[in-house]
Amino acid sequence: MRLHSDVSMTDTDDGTVLLHQRTGRYWQLNLTGSRVLHRLLDGDTPETIAAGLAASYGVDPQRAADDVGAVIRQLRAAGLTVAP
């Protein structure tokens with residue numbers, strides 16, 4: 001996964017801010033959403049990311065997988081990311 005060419009990204013103390021330069025719309029990801037995005041951009045699979053979140057935060061693996069899937073769907077629906 002990669003960011004759409006019109007999207008810029010800035011990390012903050014609270015997560016990540018994404019700006020779609022063509023539309024002027026901003027999105028803010030919390031620290032967990034930011035972690036998911038960065039790992040996706042680094043080439044990690046959703047399954048690997050979910051397993052890491054489940055282990056780090058002590059949550060149910062299925063819940064972590066569902067949450068990672070939701071982040072991916074929302075990023076794609078907003079036109080912020082594209083598949084490789």
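Scope of this entry: the structure provided in the associated data block.

Calculation notes
Residues numbered from 1 in each chain as written. Predicted model: local features only at pLDDT ≥ 70, side-chain atom pairs only at ≥ 80, totals over all residues. Heavy atoms only, no water. Helix = DSSP H or I, 4+ residues; strand = E, 2+ residues; numbered from the N terminus. Expected span 1.5 Å × (residues − 1). Buried < 20%, exposed > 50% of the residue type's maximum accessible area, 1.4 Å probe, protein only. Contact = heavy atoms within 4.5 Å. Pairing = 2+ DSSP bridges. Axes fitted to C-alpha atoms, helices over the stretch in contact; angles between N-to-C directions. Salt bridge = Lys/Arg side-chain N within 4 Å of Asp/Glu carboxyl O.

A short note on helix α2 (residues 46-57)
No. 1: The terminal C-alpha atoms of α2 lie 16 Å apart, and with 12 residues this matches the ideal 16 Å at 1.5 Å per residue to within 8%.
No. 2: Every buried residue belonging to α2 is among Ile49, Ala50, Gly52, Leu53 and Ala54, and all of these are buried.
No. 3: The inward-facing, buried residues of α2 abut α1 (31-41) and α3 (61-77).
No. 4: Residue Gly58 follows α2 closely and has a positive phi angle near 65°.

Observations concerning the pairing of strand β2 (residues 7-12)
No. 1: As judged from the six bridges shared by β2 and strand β3 (residues 15-20), these two strands associate in the antiparallel manner. Residue Thr12 lies in a different strand from β3, and its bridge partner there is Gly15.
No. 2: Linking β2 back to β3 in an antiparallel pair, the connection comprises two residues.

So, the sheet that holds β3
No. 1: Ordered in space as β2-β3-β4, the three strands form an open sheet in which the pairing is antiparallel. Two strands bound the open sheet, and with one partner strand each, they are β2 and β4 (25-29). Taken over all neighbouring pairs, the strand axes of this sheet differ in orientation by 20° on average, direction set aside.

Quick look at the pattern of salt bridges
No. 1: Per the stated rule, a full pass over the model turns up three salt bridges.
No. 2: For the salt bridge of Asp44 with Arg39, the shortest nitrogen-to-oxygen distance reads 2.8 Å.
No. 3: Asp44 sits in the partly exposed class, given a relative accessible area of 29%.
No. 4: A salt bridge links Arg63 to Asp67; the shortest N-O distance between them is 3.2 Å. Here Asp67 and Arg63 lie together in helix α3, a separation of four residues that amounts to about one turn.

What to know about the pairing of β3
No. 1: Across five bridges, the pairing between β3 and β4 is antiparallel. Looking at β4, one finds that Leu19 is bridged to Tyr26.
No. 2: Adjacent in sequence and paired antiparallel, β3 and β4 are bridged by four residues, among which Gly24 carries a positive phi angle near 80°.

Purely spatial values, then, with no claim about function.
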